[in-house]
Amino acid sequence: MPAMIAARLYRLIPLIVILAVIGIIVYLVVAWRYTDTKAKEMVIKAFIWTNGILSGVFALATLYAVIESNWFVMDFFATCLAFMLIMLGCTFLAKHQFLKHHPNYKWKVTSKSTITSPFDAFNPFKRK
């Protein structure tokens, strides 16, 4: 049984590497531009969106494979779906811990903020 689980997880290594690279890049760019706290917030937001969208895609692919009676493909996409749901749960746990350790941190952008979009910070034509 553990060998089967390891074989299934072995197929997900490229996905795990891509998600890790995305997280590292987002963290380094935002930490360099703003603060570590803002970087952690952006990484959590990026993973919530990424894992949520990928969970939906893998759920649809799994459903399609079941309809087509393609059990090998269904097994692969069900493994991917399970991994994404576990990652989504870990991300929500990380968000909970982040807010627990930073009780005064505002998760929502307030109306007094000058940045309305993440791209506005890098827009040279925007008035300050």
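Residues numbered from 1 in each chain as written. Predicted model: local features only at pLDDT ≥ 70, side-chain atom pairs only at ≥ 80, totals over all residues. Heavy atoms only, no water.

K.L.:
Please clarify how the environment of isoleucine 16 should be interpreted in this entry.
P.N.:
Counting through the fold element by element, isoleucine 16 comes out in helix H2 (residues 13-33). Between the alpha carbons of isoleucine 16 and methionine 84 there is a distance of 9.9 Å; along the sequence they are 68 residues apart. (Helix = DSSP H or I, 4+ residues; strand = E, 2+ residues; numbered from the N terminus.)

K.L.:
Even after reading the chapter, I still don't get the packing of aromatic side chains, so can you show me in this structure?
P.N.:
One pair of aromatic rings is described through two measures. These are the centre distance and the angle between the planes. Counted by the stated rule, this structure contains 2 aromatic pairs. Between phenylalanine 58 and phenylalanine 77, the aromatic rings sit 5.9 Å apart at their centres with planes inclined by 35°, giving tilted as the arrangement. A residue pair is termed long-range when its members are at least 10 positions apart, and phenylalanine 58 in helix H3 (residues 36-67) and phenylalanine 77 in helix H4 (residues 71-101) qualify at 19 residues. Linked through ring pairs, Phe58, Phe76 and Phe77 together constitute an aromatic cluster. One Lys or Arg, arginine 33, reaches over the ring of tyrosine 34 and ends 5.4 Å from the middle of that ring. (Phe/Tyr/Trp six-rings, centres within 6.5 Å; stacked < 30°, edge-to-face > 60°. Lys NZ or Arg CZ within 6 Å of the ring centre and 35° of its normal.)

K.L.:
How should I be thinking about the nonpolar core in this particular structure?
P.N.:
Generally speaking, a soluble globular protein has its nonpolar side chains buried in company with each other. In this structure, Leu12, Leu15, Leu19, Val43, Phe47, Phe58, Cys80, Leu81, Phe83 and Met84 together form the largest nonpolar core, which totals 10 residues. Of all the secondary structure elements, the ones that give two or more residues to this core are H2, H3 and H4. Counting residues per element, this core draws most heavily on H4, at 4 residues. Excluding anything up to four places from it in sequence, phenylalanine 83 contacts Leu12, Leu15, Ile16 and Leu19. (Core = buried A, V, L, I, M, F, W, Y, C linked by side-chain atoms within 4.5 Å. Buried < 20%, exposed > 50% of the residue type's maximum accessible area, 1.4 Å probe, protein only. Contact = heavy atoms within 4.5 Å.)

K.L.:
Got a minute to help me understand H4 in this structure?
P.N.:
An α-helical turn contains 3.6 residues, so any two residues separated by three or four positions project in the same direction. The end-to-end C-alpha distance of H4 is 45 Å, a good match for the 45 Å that 31 residues give at a rise of 1.5 Å each. When we look at burial in H4, the residues that qualify are Thr79, Cys80, Leu81, Phe83, Met84, Leu88, Thr91 and Phe98. (Expected span 1.5 Å × (residues − 1).)

K.L.:
Please clarify how the side chain of serine 55 should be interpreted in this entry.
P.N.:
Tracing the sequence through the fold places serine 55 in helix H3. You can call serine 55 buried: its relative accessible area is 7%. If sequence neighbours within four positions are ignored, serine 55 has contacts with Leu81, Met84 and Leu85.

Keep in mind these values describe shape, not function.
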